[in-house]
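An overview of the molecular structure
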Amino acid sequence: MPPKQKFSRQEVVAAALDIIRRQGLSGLTARALAQELGCSAKPVFGLFQNMKEVQREAIASANTLYQACLQEEMESGRHPPYKASGMGYIRFAREEKELFKLLFMRDRTQEDIQENRQEILPLLRLIQQNLGIDEDQAYLFHVEMWVFVHGMATMVATSYLDWDMDFVGQVLTDAYLGIGQRFLEKGAANGRD
């Protein structure tokens, strides 16, 4: 009969996230994880096949935390829903710098990334409703806004900027209105053709 495990998978993943928060993904090693848990690496590898599996679970757990942050921001009522999604993204970058980098700033060249428009369909519907544009235009609008929001979040996560969230909110509103105006003007011009 194998010995009883000292830790659950969730406890190991929580320890992995704590290491990543302090040292980034490169700090997550078997030795560091064992030290964090106060044991040898053996119990870890009794629960996980290898460190790649631990990393995958840590990424999934970080994504769960990100989704909760986003949901909380969108449900707070502090901002209109579409703006709240951007505010949540930037807030996560501010509050969880290393987890943000893990999710949105790591090398993805070895990953099979498939764009899934279905995942952002609720956001596209908000844009369509707010601006009166079709889904393809809403997608382009969202991509342009996401590039802007991601840039701000990256500057916050890397401590290049330390803007307060009120200022971030003003800047996002300005970008939304500016890009939105361009789409409305483009739509009006196409209607005159």
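Let us look at the structure shown here. Just so we're clear, the structure is a prediction, and the values are computed from it rather than from any experiment.

A word on the overall build of the protein. Looking only at helices and strands, one finds 9 helices and 0 strands in the protein. For the protein, the N- to C-terminal ordering of α and β elements is α-α-α-α-α-α-α-α-α. At 21 Å, the protein has a C-alpha radius of gyration far larger than the 16 Å of a compact globule built from 193 residues. Residues classed as buried in the protein amount to 41% of the 193 residues present. For the protein, the accessible surface area stands at approximately 11,500 Å², while carbon and sulfur atoms represent 53% of it. In the protein, the 22 positive side-chain charges and the 26 negative ones have mean positions that sit 7 Å from each other.

Before going further, it helps to examine the pattern of salt bridges. Should their charged atoms come close, side chains of opposite charge can pair. Scanning the entire structure with this criterion turns up 17 salt bridges. A salt bridge links glutamate 36 to arginine 22, with the shortest nitrogen-to-oxygen separation between them at 2.5 Å. With glutamate 36 in helix 2 (residues 30-37) and arginine 22 in helix 1 (residues 9-23), this pair connects stretches of sequence that are 14 residues apart. Note on glutamate 36: relative accessible area 33%, which makes it partly exposed.

What follows is about unusual backbone geometry. Despite not being glycine, serine 159 shows a phi value in the positive range, around 60 degrees. Along the chain, serine 159 turns up in the loop between helix 8 (135-157) and helix 9 (165-192).

This part takes up the nonpolar core. Within the largest apolar cluster, 58 residues are counted, with the highest numbers of intra-cluster contacts made by Leu33 and Phe141. At 9 residues, the largest contribution of residues to this core is made by helix 8. Among residues more than four places away in sequence, those in contact with phenylalanine 141 are Tyr82, Ile127, Leu131, Ile133, Tyr176, Ile179, Gly180 and Phe183.

Attention now moves to the side chain of glutamate 73. Take glutamate 73: it is sitting in helix 4 (residues 51-75). Glutamate 73 gets classed as buried once you look at its relative accessible area, which sits at 3%. The residues contacting glutamate 73, other than those within four sequence positions of it, are Arg78, His79, Ala84, Met87, Gly88 and Arg91.

Attention now goes to the packing of helix 1 against helix 4. Packing of helix 1 against helix 4 brings their axes to within 9 Å, and their N-to-C directions diverge by 80 degrees. In terms of orientation, helix 1 lies roughly perpendicular with respect to helix 4. Along its contact with helix 1, which presents Arg9, Val13, Ala16, Leu17, Ile20 and Arg21, the element helix 4 presents Glu53, Val54, Glu57, Ala58, Ser61, Ala62 and Leu65. Its residues placed into classes, the contact of helix 1 with helix 4 shows 8 nonpolar, 1 polar and 4 charged.

Cut-offs applied
The residue count restarts for each chain, going from 1 along the sequence in the order it is written. Only residues with pLDDT of at least 70 are given local features in this predicted model, and only at 80 or more are side-chain atom pairs given and counted; all residues enter the totals for whole chains, interfaces and linings. Side-chain measures here rest on the full set of heavy atoms in the structure, leaving out hydrogens and waters. Counting from the N terminus, the helices are the DSSP runs of H or I reaching at least four residues and the strands are the DSSP runs of E reaching at least two. In this setup the radius of gyration rests on C-alpha atoms only. A globule is expected at 2.2 Å times the number of residues raised to 0.38. Relative accessibility thresholds used throughout: buried, under 20% of the residue-type maximum; exposed, over 50%; partly exposed, between the two (1.4 Å probe, protein chains only). Only the protein chains shown count as cover for residues, and all accessible areas are computed by the Shrake-Rupley method using a 1.4 Å probe. Only four residue types enter the charge count, namely Lys and Arg as positive and Asp and Glu as negative; His and the chain termini do not. A charge is said to be at NZ when it belongs to Lys, at CZ for Arg, at CG for Asp and at CD for Glu. Each reported salt bridge corresponds to a side-chain nitrogen of Lys or Arg within 4 Å of a carboxyl oxygen of Asp or Glu. Grouping buried Ala, Val, Leu, Ile, Met, Phe, Trp, Tyr and Cys residues that are joined through side-chain atoms within 4.5 Å yields what is termed a nonpolar core. By the convention used here, residues are in contact when the closest approach between their heavy atoms is within 4.5 Å. Here an axis means a line fitted to C-alpha atoms, over the contact stretch when the element is a helix, while the angle between two N-to-C directions is reported on a 0 to 180 degree scale. Note that the term roughly parallel is reserved for angles under 35 degrees, roughly antiparallel for angles over 145, roughly perpendicular for angles of 65 to 115, and oblique for everything else. Each residue is assigned to one class: nonpolar for Ala, Val, Leu, Ile, Met, Phe, Trp, Tyr, Cys and Pro, charged for Asp, Glu, Lys and Arg, and polar for all the others, Gly among them.

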